[in-house]
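Descriptive analysis of the structure
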Amino acid sequence: MTFSRVFPLRLSGQYQDSKTYKARLFYDIETQGELLRDRDCEVFLLKGTQLVHPWSMKVGRNNGDLSDFKTFIDSLSYYVFHELRYYLEAGEEEMKDFFISIDFKDVHFSVFNGKSFE
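Between its first and last C-alpha, helix 1 (residues 69-83) extends 20 Å over 15 residues, near the 21 Å set by a 1.5 Å rise per residue. If you check which residues of helix 1 are buried, you get Phe69, Phe72, Ile73, Leu76, Ser77, Val80 and Phe81. Viewed end-on, helix 1 has its buried residues packed into an arc of 145°, placing them on one side of the element. The inward-facing, buried residues of helix 1 abut strand 1 (3-17), strand 2 (20-31), strand 3 (34-47), strand 4 (55-59), strand 5 (99-103) and strand 6 (109-112). Taken from the residues just after helix 1, Arg85 is the one with a positive phi, measuring 55°.

Here it is, written out as structure tokens:
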């Protein structure tokens, strides 16, 4: 059983429609004493039906470098939308060219990792 630390660096993306932002998550991973830099994956920010905290994240085509990457994304989603209270608008015309960018500083997530990085 291996635990890794994921260091999210930046989340940046663009408005797609009233319920979706398409983004890239840039991150580093530390596993077994080795720091693997400059990783990234596609992430979607999706608006649900909840009134208080409607936004969540979903991994796109690249499921990341960890066997339990979805748990990391769920934790990061909670951190961004509940802890940081990051707010996204969801209007049509005024949002067409809207970009988001969140820089993460001094934060990491510990996750189970069953994959080998050989």
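From this point, the narrative continues.
Of all hydrophobic cores here, the largest spans 27 residues; its most connected members are Leu11, Leu25, Leu45, Met57 and Phe72. At the level of secondary structure, the elements contributing two or more residues to this core comprise strand 1, strand 2, strand 3, strand 4, helix 1, strand 5 and strand 6. Looking at this core, the element that brings in the most residues is helix 1, giving six residues. Apart from residues no more than four positions distant in its own chain, Leu45 is found in contact with Leu11, Lys19, Thr20, Tyr21, Trp55, Ser56, Met57, Phe81, Leu88 and Ile100.

For the rest of this paragraph, the subject is the environment of His82. Note on placement: His82 falls in helix 1. Overall, the relative accessible area of 26% leaves His82 in the partly exposed class. Taking the C-alpha atoms as reference, His82 lies 9.7 Å from Val52; in sequence the two are 30 residues apart. In this view, His82 contacts His53 and Ser77; residues no more than four positions away in its chain are not counted.

This part takes up the pairing of strand 2. As judged from the twelve bridges shared by strand 1 and strand 2, these two strands associate in the antiparallel manner. In the strand pairing of strand 2, Gln14 is matched with Lys22. Here strand 1 folds back onto strand 2, and the loop between the two strands holds two residues. Counting the residues that bridge the hairpin from strand 2 to strand 3 gives two residues, and of these Gln32 lies at a positive phi of roughly 50°.

How each quantity is defined
- Residues numbered from 1 in each chain as written.
- Predicted model: local features only at pLDDT ≥ 70, side-chain atom pairs only at ≥ 80, totals over all residues.
- Heavy atoms only, no water.
- Helix = DSSP H or I, 4+ residues; strand = E, 2+ residues; numbered from the N terminus.
- Expected span 1.5 Å × (residues − 1).
- Buried < 20%, exposed > 50% of the residue type's maximum accessible area, 1.4 Å probe, protein only.
- Arc of directions from axis to C-beta.
- Contact = heavy atoms within 4.5 Å.
- Core = buried A, V, L, I, M, F, W, Y, C linked by side-chain atoms within 4.5 Å.
- Pairing = 2+ DSSP bridges.

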